[in-house]
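So the chains spell out like this:
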Amino acid sequence: MLAFFAGIPLAPATQVDWTGVAFSTNVTSTGQAWDDTWVGELGSFTPGFTPTAANTASWAAAWQAASRSVYQPTTRYFGGSFVYQTNPAPFPAGARAWMWLFNPHAPQGEWILLTNPAWTWPAGSPFDPFPVTWTSADASQAVVGLIPGPSGNLTSAAVLNSPLPALSFAAWQSLYFTPAETANPAISGPEADPDEDGAANLAEYAAGTLPRRASSFPRPVDSFLHPENGLAYGAARLYRSTRSAGFSWQAQAGHDLSGWTGGTVTLTLQPWEWTVRHSEPVSAAPVGFLRFRLSP
């Protein structure tokens, strides 16, 4: 007698799959279709923190992403997987999970935050053959933004003066490059320029632009004369991503292009913008230069 047995392969760990709905209609608060600058994250907030439309400025500090995904405008799809054997902090078993989708480019953000009471992290296990799946169509609440119906269509909301969660350069690499590309510094390294637009990956990361699309290029630094107490000062404004972390910016001034000092005065400093002026007025130093330097 021959006997045949079919076995269910065991997954190496607990797996949570999170997805949007392909070919759904996802638009901004002004009715514009989402494009490839949009990013989605699955994660949780610090225990005890409850996100509301009134405390958006505090979300980033309380947020921890478990998985990230770039929005695909052709298929209008997003999603990823989070795999674990034991529950890492801050994703304890039973804690609420959320999907946060946003456009990281504009000072006036466009966000939507989705959740469902059933979206709670399962207990980690090395022997769990059945992934848990959460889709945007199952969301029962949008803290900001709108869920028009069960179709999976999403409408984001405008959010002012609120930073986005920080993103390390390594996490940025993993978001925009495949594992093989991430292991190849000639493609994903800080000095590489895979889209050949003249901006290295480190500059694209700092500016929040796309490393694989040449038309997505860091915004030029604005230079202008700043009037103050009857005098004019050379000034410059840097536009930067609210997400870049792990690197530091320094504003430097000089009277030529060979000697640089820290001789600048900050005029405005916001998560997405930094404006400085030269410490000396134009009348005292008719030739002067300003630059912003990014350092590891």
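If you're wondering where the values come from, they're calculated on a predicted model, not measured in any experiment.

Engineer: Could you give an account of the packing of aromatic side chains, naming the residues involved and the relevant values?
Structural biologist: Under the criterion given, the structure shown has 25 aromatic pairs. When the centroid spacing of 5.4 Å and the interplanar angle of 75° are considered together, the rings of W59 and W100 count as edge-to-face. Pair noted here: W59 is in helix α1 (residues 59-62) and W100 is in strand β6 (residues 96-103), with a separation of 41 residues, a long-range link. An aromatic cluster is present here, built from F45, F49, W59, W63, W98, W100, F102 and W111 joined pairwise through their rings. Over the ring of Y239 we find R219; its NZ or CZ atom is 3.6 Å from the centre of that ring.

Engineer: An account of the pattern of salt bridges is requested, with residue identities and associated values reported.
Structural biologist: Per the stated rule, a full pass over the model turns up 6 salt bridges. A salt bridge links R212 to E181, with the shortest nitrogen-to-oxygen separation between them at 3.0 Å. Of this pair, R212 sits in the loop between α5 (201-207) and β12 (222-228) while E181 sits in helix α3 (residues 179-182); the two residues are 31 residues apart in sequence, bridging distant segments of the chain. Overall, E181 belongs to the buried group, its relative accessible area being 18%. With its nearest N and O atoms 3.0 Å apart, the salt bridge here joins E228 to R277. In this pair, E228 sits in strand β12 while R277 sits in strand β16 (residues 273-278), placing the two residues 49 residues apart along the sequence. The class of R277 is buried, set by a relative accessible area of 8%.

Engineer: Can you lay out the pairing of β6 for me, pointing to particular residues and giving the numbers?
Structural biologist: With 7 of 8 residues buried, β6 lies mostly within the body of the structure. Here strand β3 (residues 39-45) runs beside β6; their pairing, made up of 5 bridges, is antiparallel. Within β6, the position partnered with E41 by the bridge is W100. Where β6 lies against strand β7 (residues 109-120), 7 bridges are found, and the strand directions are antiparallel. Bridge pairing in β7 places W98 opposite T115.

Engineer: Quick rundown of the sheet that holds strand β5 (residues 79-84)? Include the residues and the values.
Structural biologist: The strand order across the open sheet formed by 3 strands is β5-β1-β8, and the pairing between neighbours is mixed. Two strands close off the open sheet at either side, each with one partner strand: β5 and β8 (132-135). For this sheet the average axis-to-axis angle between neighbouring strands, irrespective of direction, equals 15°. Bridging between strand β1 (residues 14-19) and β8 involves 4 bridges; their strand directions are parallel. Among the inter-strand pairings, T19 is bridged to a residue of β8, identified as T135.

Engineer: How would you summarise the side chain of T37 if you had to cite specific residues and measurements?
Structural biologist: Note that T37 resides in the loop between β2 (26-27) and β3. Within the structure, T37 has its side chain in polar contact with the side chain of D35 (distance 2.4 Å). Among the polar contacts made by the side chain of T37, one reaches the side chain of N103 at a distance of 3.5 Å. Sequence-distant contacts of T37, defined by excluding residues within four places in its chain, comprise F102, N103, P104, H105, L210 and R213.

Engineer: Account for the sheet that holds β16, with residues named and values stated.
Structural biologist: Read from one edge to the other, the open sheet built from 4 strands follows the order β12-β13-β16-β15, with strand pairing classed as antiparallel. Strand pairing shows two members of the sheet lacking a second neighbour, β12 and β15 (264-270), which therefore form its edges. The mean inter-strand angle of the sheet, taken between neighbouring strand axes irrespective of direction, is 25°. Pairing of β12 with strand β13 (residues 231-239) involves 7 bridges; the strand directions are antiparallel. Paired with H226 across the strands is Y233, a residue of β13.

Conventions used here
- Residues numbered from 1 in each chain as written.
- Predicted model: local features only at pLDDT ≥ 70, side-chain atom pairs only at ≥ 80, totals over all residues.
- Heavy atoms only, no water.
- Phe/Tyr/Trp six-rings, centres within 6.5 Å; stacked < 30°, edge-to-face > 60°.
- Helix = DSSP H or I, 4+ residues; strand = E, 2+ residues; numbered from the N terminus.
- Lys NZ or Arg CZ within 6 Å of the ring centre and 35° of its normal.
- Salt bridge = Lys/Arg side-chain N within 4 Å of Asp/Glu carboxyl O.
- Buried < 20%, exposed > 50% of the residue type's maximum accessible area, 1.4 Å probe, protein only.
- Pairing = 2+ DSSP bridges.
- Axes fitted to C-alpha atoms, helices over the stretch in contact; angles between N-to-C directions.
- Polar contact = N/O pair within 3.5 Å; in protein donor to acceptor, adjacent residues only side chain to side chain.
- Contact = heavy atoms within 4.5 Å.

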